[in-house]
Amino acid sequence: MIALFLAPVYLLFCWYLWRRLRRWLDLCPWGRGVQAVAAVLFAVLNLSILPASFLEPSAFQRLLKQFNGFWLGVLLYTALVAVGAELFWALRRRYAKGHGRAPFSDRHRVLTGGLCLLLIAALSVGGSLNARNIQTTDYRLTVNKSAGALQELKIVLVADLHLGYSVGAAQMGQMVGKINREQPDLVVIAGDIFDNSYDALEDPAALAAILGNIQSKYGVYACYGNHDVEEKLLAGFSFSSDEKKVSDPRMDAFLEAANIHLLRDEGLLIDDAFYLLGRADYERPGRGIEKRKSPAELTWGLDYSKPILVLDHEPRELQALADAGVDLDLCGHTHDGQLFPGNLLIRLFWENPCGYLQKDGMHNIVTSGVGVFGPNMRLGTKSELCRVTVTFRGG
C-alpha cells in the first residue's frame, strides 16, 4: 500500500527535477539534440524501477535491480542538493533585492548547476564505496554472573546482511574473513539475513558455502528479521496483503546448509555456562508463530544465576527484557539510519538507535549492520561487525 501511495509523489519529484535540469540545459551552450538525449535518458533511468520490480527473475532483471539500488541513492542526494540550491537562490535573490545588486548572471547559474552535479556524483560514488567497506566496532562489558569455568566470551555480532541484489558473495567473503580473524567463541546474526526474496540470491549454494566457512567455538546462531520473508517490493516499499508474510522454506534450508542455527522464540544452554535466546521478529514473527513470547515468557524457568543472552532483530522492549533477567541484548534493524540525514532522524524513533546502552543491569548493543536496504549506499554511517568481549564476574 505504501508503494502505491508514494508512486505519484515519486513521479512529481521526477517532473520537478527534469524542469530544473532542462532550465540548466537551456543556459548551457548545447543544442536541442543534447536536450533530447538528456530527456530520454532521464525518463529511462527513473522509470526503470517498474520493470525491475515486476519482471520475472533473470539476468536483465538482476541488472536493473542492482542499478535501481544505486539510482535511488542518487535521487535522494539529488533531492537534498536541489533543496539546498533552492534555498541558496532564494537567499541570493533576497540579498540582491535588499542591497540593490543584480542577480547572478547566466554564466554563474551554469557554473552553480555544474557544481551541484559534481556534488551529487561525489556523494553517490562515495556512499556506494563506503557501503562495501566493512569495519569492526569493539565493545567490552562485564556481566556480574558466573558462567562456570568460562571467564570471558568473545562474541561477533552481525546483522542486516540483506542478501540479494545489492549484497552478495564479495561482501560476504569480506565479512567471513573479518569474523574468522577475530577467532570468536560465538557468532550471532541479528536478523534480516535476506532482502525479501530468495530468488534475489545470485548463487545460493556459493553464498551458503561462504557463510559455512565461519569458524566459531560454539557455532553460529541467528534469528529472523522483518525482511526475512518472501514479499513483493517496489523501490523498497511493500504492497498490502491479507496473507501472512513468512520466510520462504528455501531460506530455512539455506541457513541449514550454511550451518547457521536458527532460533525462533527459543533458546538453549551452551556449554552449561550461559543461555542464548533468539526472539521471533516483532513485526513478522514467522511461520507457526502467531504472537511472539514476551521477555518474561521467554526467560521463564531458566537458571537466573547463569548469564542470559538474547538475540533480537529490533531493539524493542528493553525495559521488559531487563526486568526479565536478561544480561545482554544484541540487535540490528536500524542501520543507524544508513544515509545522512537518516543517521540524525533515526534518533527520534529508537531508545538506542545504534551503539551501546545500559538499561538497569542489562547491556544492549545495536549494530548498524553489514548490508544495505534500498539505496546501495552508506553516508554518515558504516557497515560493521561488532566484536563484543564479555567478562563474567560472579559467584
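Residue indices follow the written sequence of each chain, beginning from 1 at its first position. Only residues with pLDDT of at least 70 get local features here, since the model is predicted, and only at 80 or more are side-chain atom pairs given and counted; chain-wide, interface and lining totals rely on the full set of residues. In computing side-chain properties, one takes all heavy atoms of the structure into account and sets aside hydrogens as well as water.

*Asks:* Tell me about the environment of Pro 353, and please be specific about residues and values.
*Replies:* Note that Pro 353 resides in the loop between helix 11 (342-345) and strand 12 (355-359). On a C-alpha basis, the gap between Pro 353 and His 333 in space is 9.0 Å, while along the polypeptide they are 20 residues apart. In this description, contact between two residues means that some pair of their heavy atoms is separated by no more than 4.5 Å. Contact partners of Pro 353, with chain neighbours within four places excluded, come to Thr 334, Asp 336, Ile 346, Arg 347 and Val 366. By the criteria applied, helices consist of DSSP H or I runs no shorter than four residues and strands consist of E runs no shorter than two, each listed in order from the N terminus.

*Asks:* Explain helix 5 (residues 106-131) residue by residue, including any values.
*Replies:* Each helix should span, by expectation, one fewer than its residue count multiplied by 1.5 Å. Between the first and last C-alpha of helix 5 there are 38 Å, a value that for 26 residues agrees with the 38 Å anticipated at 1.5 Å per step. Only protein chains enter the area calculation, which uses a 1.4 Å probe; residues under 20% of their type maximum are buried, those over 50% are exposed, and those in between are partly exposed. Listed as buried for helix 5 are Thr 112, Gly 113, Cys 116, Ile 120, Ser 124, Gly 127, Ser 128 and Ala 131.

*Asks:* Can you tell me about the environment of Asp 312, naming the residues and giving the values?
*Replies:* Following the sequence through the fold, Asp 312 ends up in the loop between strand 10 (308-311) and helix 10 (318-323). It is 8.2 Å that separates the C-alpha atoms of Asp 312 and Gly 225, two residues lying 87 residues apart in sequence. Between N or O atoms, a polar contact is any pair within 3.5 Å; within protein, one atom must be a potential hydrogen donor and the other a potential acceptor, and residues adjacent in sequence are included only when both atoms are from side chains. Engagement of the side chain of Asp 312 in a polar contact is seen with the side chain of Arg 292, the distance being 3.1 Å.

*Asks:* Residues and numbers for the nonpolar core, please.
*Replies:* We call a set of buried residues a nonpolar core when its members are Ala, Val, Leu, Ile, Met, Phe, Trp, Tyr or Cys and they connect through side-chain atoms within 4.5 Å of each other. Counting residues in each nonpolar core, the largest one holds 33 residues, and the members touching the most others are Met 172, Met 175, Leu 211 and Phe 254. When contributions to this core are tallied by element, the ones reaching two or more residues are strand 2 (152-158), helix 6 (169-181), strand 3 (186-190), helix 7 (204-211), strand 4 (220-223) and helix 8 (249-257). Within the second largest apolar cluster, 29 residues are counted, among which are Leu 141, Val 188, Leu 330 and Val 390.

*Asks:* Requested: an account of the packing of aromatic side chains, with residues and values cited.
*Replies:* Think of it this way: a Phe, Tyr or Trp ring, Trp meaning its six-membered ring, pairs with another when their centres are within 6.5 Å, and the plane angle makes it stacked under 30 degrees, edge-to-face over 60, tilted otherwise. All told, the structure shown has four aromatic pairs when counted by the stated rule. Between Trp 18 and Phe 42, the ring centres sit 5.8 Å apart and the planes meet at 35°, which makes this aromatic pair tilted. Taken together, the residues span a long stretch of sequence, with Trp 18 in helix 1 (residues 2-27) and Phe 42 in helix 2 (residues 32-47) at a distance of 24 residues. The exposure classification of Trp 18 matches that of Phe 42, with both residues buried. On the numbers, 5.7 Å between centres and 75° between planes, the contact of Tyr 218 with Phe 274 is edge-to-face. With a gap of 56 residues between them, Tyr 218 in the loop between helix 7 and strand 4 and Phe 274 in strand 9 (residues 274-278) connect regions that are remote in the sequence. The residues Tyr 218 and Phe 274 share a single accessibility class, namely buried.

*Asks:* How would you summarise the sheet that holds strand 4 if you had to cite specific residues and measurements?
*Replies:* For two strands to be treated as a pair, DSSP must find at least two bridges joining them. What the six strands build is an open sheet, ordered 1-14-2-3-4-7; its pairing is mixed. Strands at the two margins of the open sheet, each flanked by one partner only, are strand 1 (134-143) and strand 7 (260-262). Going across the sheet, the axis of each strand differs from the next one's by a mean of 25°, ignoring polarity. Summarising the sheet, strand 2 and strand 3 pair through four bridges and their orientation is parallel. Counterpart to Val 156 in the pairing with strand 3 is Val 187. All axes here are fitted lines through C-alpha atoms, helices being fitted over the stretch that makes contact, and every angle between N-to-C directions spans 0 to 180 degrees.

*Asks:* How would you summarise a nonpolar patch on the surface if you had to cite specific residues and measurements?
*Replies:* Taken together, the side chains of Leu 11, Leu 47, Leu 50 and Phe 54 present a nonpolar region at the surface, about 380 Å² in accessible area. Assignment of secondary structure puts Leu 47 in helix 2. Judged by relative accessible area, Leu 47 falls into the partly exposed class, the value being 44%. Patch membership needs two things, relative accessible area over 30% and no salt bridge, and members are linked within 9 Å if like-charged or within 5 Å if nonpolar (Val, Leu, Ile, Met, Phe, Trp, Tyr). Surface exposure here means Shrake-Rupley accessible area, sampled with a 1.4 Å probe, where a residue is shielded only by the protein chains that are shown. When a carboxyl oxygen of Asp or Glu is within 4 Å of a side-chain nitrogen of Lys or Arg, the pair counts as a salt bridge.

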